[in-house]
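Architecture and fold: a report
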Amino acid sequence: MYPKTSVVVNAAYFRSHLGGGAHTYVLELMHHLRMIEELQISVLASGQAVEAFRDTTGVDVISVNRTNYRQANRLWIEQVAVPRALGLAMPDVVHTLGGMMPIRSSPWANVFTCHDLQEVALPSNFQRRVRMARRMNMRVNLAQVDEIVASSQHTAQELQEYYAWPPTRVTVALLAGDMPSATGVPQAEQTNLGGQFFLYPAAHTAHKNHSFLLKAYAQLRLIRPDAPKLVLTGMNADGVVDLTREASEVGVGRDVLVLGRVEISRLANLMRDATAVVFPSTYEGFGLPTLEAMSLGTPVLTSPEGSLAEVVGAGALVVPTTSVDYWVDAMQRIWLDDGLRNRLMIAGPARAREFSWTRTARKTAEAYTKALQFKRASSVSTNDRRAH
């Protein structure tokens, strides 16, 4: 019987209250990695995330800080607390899921998950300070890492394009779109939504393209005043106010409901009951909500940008966001065209079944093997050079 490969997953950056696709990825990956017999998995966490991991993943948790990860103490956690904990654990592999990897050299193999490269693909979306910090993180990580796990083929291609990263050192581990069983929307929520509704589940950030969607929706309401309402979910306290104002400015304030961040069970209900999920994002490293909605049999209208066309395949209606008119027409079709809706309600779940968190975990385990092989080969090469 071969010894297990010991893996410490560095999730010190993880904040359990934020939600979103990256949040889902972390928890699902931990849960499914521990099912792989060849691996011995533990996770580094800080603050409230320690209990979140203990309660939901079933893996051993190493606490590196009692307070939550935040800007003020992030460097201390990443460059002091994390290396100290790893030095005590001495794993075979360290898999960093976000933030900056420890700068100092290490005896273990390093793996890093890259979801997207927004800071170089969409630099105007970030303040200069944030953009430079993200780029610095990436450069540090690339200098230390032995293998990268990319969430999509699109992200793998961008690593090669922007950083000349060799494709042989990237493992594409696609995510999955499983959602919890929807158990029914509370009566009060049904009353607020007033029957049919479009749903856009996305944080209020520039690349999510909310302004474009509100313009398209406003034009649709002019053509069809009986069009379904529009429901917006997603994390961003300031964005809730902005979206409400923007909706009023284009004349649809009474028809747009801004819910902000919602719990995963409520989001599943909303996705299941939506007339359609609309997703006009201009950039995605994966686009998890599209796959989640498709898994529930809800028709999806999405842009083709970033990884979205790669993920949805033929399971969604894909329309470019180069024209508001295109989306006005597409929203009418996905609402009123029964033939299209029926096709998507069959094709969407079929496409979603091609993805699974078990497969994500297996591909990630392959990345660990590749990282160990690269680390050992690099060590042999270094020793040979020293001998000469």
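Attention here is on the structure that accompanies the text. Owing to the predicted nature of the structure, the values given are computational and were not obtained by experimental measurement. (Residues numbered from 1 in each chain as written. Predicted model: local features only at pLDDT ≥ 70, side-chain atom pairs only at ≥ 80, totals over all residues. Heavy atoms only, no water.)

With that settled, consider helix α2 (residues 49-56). Here α2 has its buried residues at Ala-49, Val-50, Ala-52 and Phe-53. Down the axis, α2 shows its buried residues gathered within 165° of arc, on one side only. In this structure, the buried side of α2 is in contact with α1 (21-33), β2 (39-46) and β3 (60-65). Positive phi appears at Gly-58, one or two residues downstream of α2, with a value of about 80°. (Buried < 20%, exposed > 50% of the residue type's maximum accessible area, 1.4 Å probe, protein only. Helix = DSSP H or I, 4+ residues; strand = E, 2+ residues; numbered from the N terminus. Arc of directions from axis to C-beta. Contact = heavy atoms within 4.5 Å.)

Moving on to the packing of aromatic side chains. Taken as a whole and assessed by the stated rule, the structure comprises 5 aromatic pairs. Taking the centre distance of 6.2 Å and the plane angle of 85° together, the rings of Phe-286 and Phe-355 count as edge-to-face. Residue Phe-286 is found in the loop between β11 (276-279) and α11 (288-295), and its partner Phe-355 is found in the loop between α14 (338-352) and α15 (357-387); the two are separated by 69 residues along the sequence. Under the relative-accessibility criterion, Phe-286 is labelled buried at 5%. Here a set of aromatic residues connected by ring pairs shows up, and it is made of Tyr-13, Phe-14 and Phe-53. Directly above the ring of Phe-374 sits Arg-169, whose terminal nitrogen or CZ lies 3.9 Å from the centroid. (Phe/Tyr/Trp six-rings, centres within 6.5 Å; stacked < 30°, edge-to-face > 60°. Lys NZ or Arg CZ within 6 Å of the ring centre and 35° of its normal.)

Side chains that differ in sign of charge can pair as their charged atoms come close. Inspection of every chain in the model, using the stated rule, returns 14 salt bridges. We note a salt bridge from Glu-354 to Arg-351, for which the minimum N-O separation is 2.7 Å. With its nearest N and O atoms 3.2 Å apart, the salt bridge here joins Glu-366 to Lys-363. Here Lys-363 and Glu-366 lie together in helix α15, a separation of 3 residues that amounts to about one turn. (Salt bridge = Lys/Arg side-chain N within 4 Å of Asp/Glu carboxyl O.)

Another point: the pairing of β3. With 5 bridges joining them, β2 and β3 adopt parallel strand pairing. Across the sheet, the residue bridging to Ser-42 is Asp-60, located in β3. Running through α2, the crossover from β2 to the neighbouring parallel element β3 is right-handed. (Pairing = 2+ DSSP bridges. Right-handed = clockwise from strand over helix to strand, strands pointing away.)

Summarising burial for α11: 7 of the 8 residues are buried, a large majority. Taken together, the buried positions of α11 are Leu-288, Pro-289, Thr-290, Leu-291, Glu-292, Ala-293 and Met-294. In the segment just after α11, Gly-297 is the residue with positive phi, at about 85°.

With respect to the secondary-structure elements, Leu-199 resides in strand β8 (residues 197-201). For Leu-199 and Asp-273, which are 74 residues apart along the polypeptide, the C-alpha to C-alpha distance reads 9.4 Å. Among residues more than four places away in sequence, those in contact with Leu-199 are Val-231, Thr-233, Leu-270, Met-271, Ala-274, Ala-276, Val-277 and Val-278.

What follows is about the packing of α11 against α14. Closest axis-to-axis distance for the α11/α14 pair is 7 Å, and the angle between their directions is 115°. The crossing of α11 and α14 is left-handed. Two secondary-structure elements touch here, α11 through Leu-291, Met-294 and Ser-295 and α14 through Gly-348, Pro-349, Arg-351 and Ala-352. (Axes fitted to C-alpha atoms, helices over the stretch in contact; angles between N-to-C directions. Left-handed = near helix turned anticlockwise from the far one by under 90°.)

Attention now goes to the nonpolar core. Grouped together as the largest cluster of nonpolar side chains are 58 residues, with contacts concentrated most on Val-9, Leu-33, Phe-53 and Leu-97. Apart from residues no more than four positions distant in its own chain, Leu-97 is found in contact with Val-9, Asn-10, Ala-11, Tyr-13, Tyr-25, Val-26, Leu-29, Met-30 and Thr-113. Grouped together as the second largest cluster of nonpolar side chains are 34 residues, Tyr-200, Tyr-217, Leu-230 and Val-328 included. (Core = buried A, V, L, I, M, F, W, Y, C linked by side-chain atoms within 4.5 Å.)

In this section: the pairing of strand β5 (residues 109-114). Burial within β5 is extensive, with 6 of its 6 residues counted as buried. Alignment of strand β4 (residues 93-96) against β5, held across 4 bridges, turns out to be parallel. The residue of β5 that forms the bridge with Val-94 is Asn-110. Note that β5 and strand β6 (residues 147-150) share 4 bridges and pair parallel. Within the sheet, the bridge partner assigned to Phe-112 lies in β6 and is Ile-148.

What follows deals with the sheet that holds β5. Strand order in the open sheet formed by 7 strands is β3-β2-β1-β4-β5-β6-β7, and the pairing between neighbours is parallel. The open sheet is flanked by β3 and β7 (170-172), the only strands paired with a single partner. Adjacent strand axes in the sheet meet at a mean angle of 25° when their direction is disregarded. Examined bridge by bridge, β6 and β7 share 3 bridges and lie parallel to one another.

Moving on, we get to the sheet that holds strand β12 (residues 300-302). The strand order across the open sheet formed by 6 strands is β10-β9-β8-β11-β12-β13, and the pairing between neighbours is parallel. Looking at which strands have only one partner, the edges of the open sheet turn out to be β10 (256-260) and β13 (317-318). In this sheet, β10 lies alongside strand β9 (residues 229-233) in parallel orientation, the contact comprising 4 bridges. Looking at the pairing, Val-231 lines up with Leu-257 of β10. Docked against the sheet, helix α8 (residues 210-223) engages β8, β9, β10 and β11, running at close to 165° with respect to β9. Strand contacts of α11: β8, β11 and β12, with the helix running at about 160° to β12, the strand carrying the most contacts.

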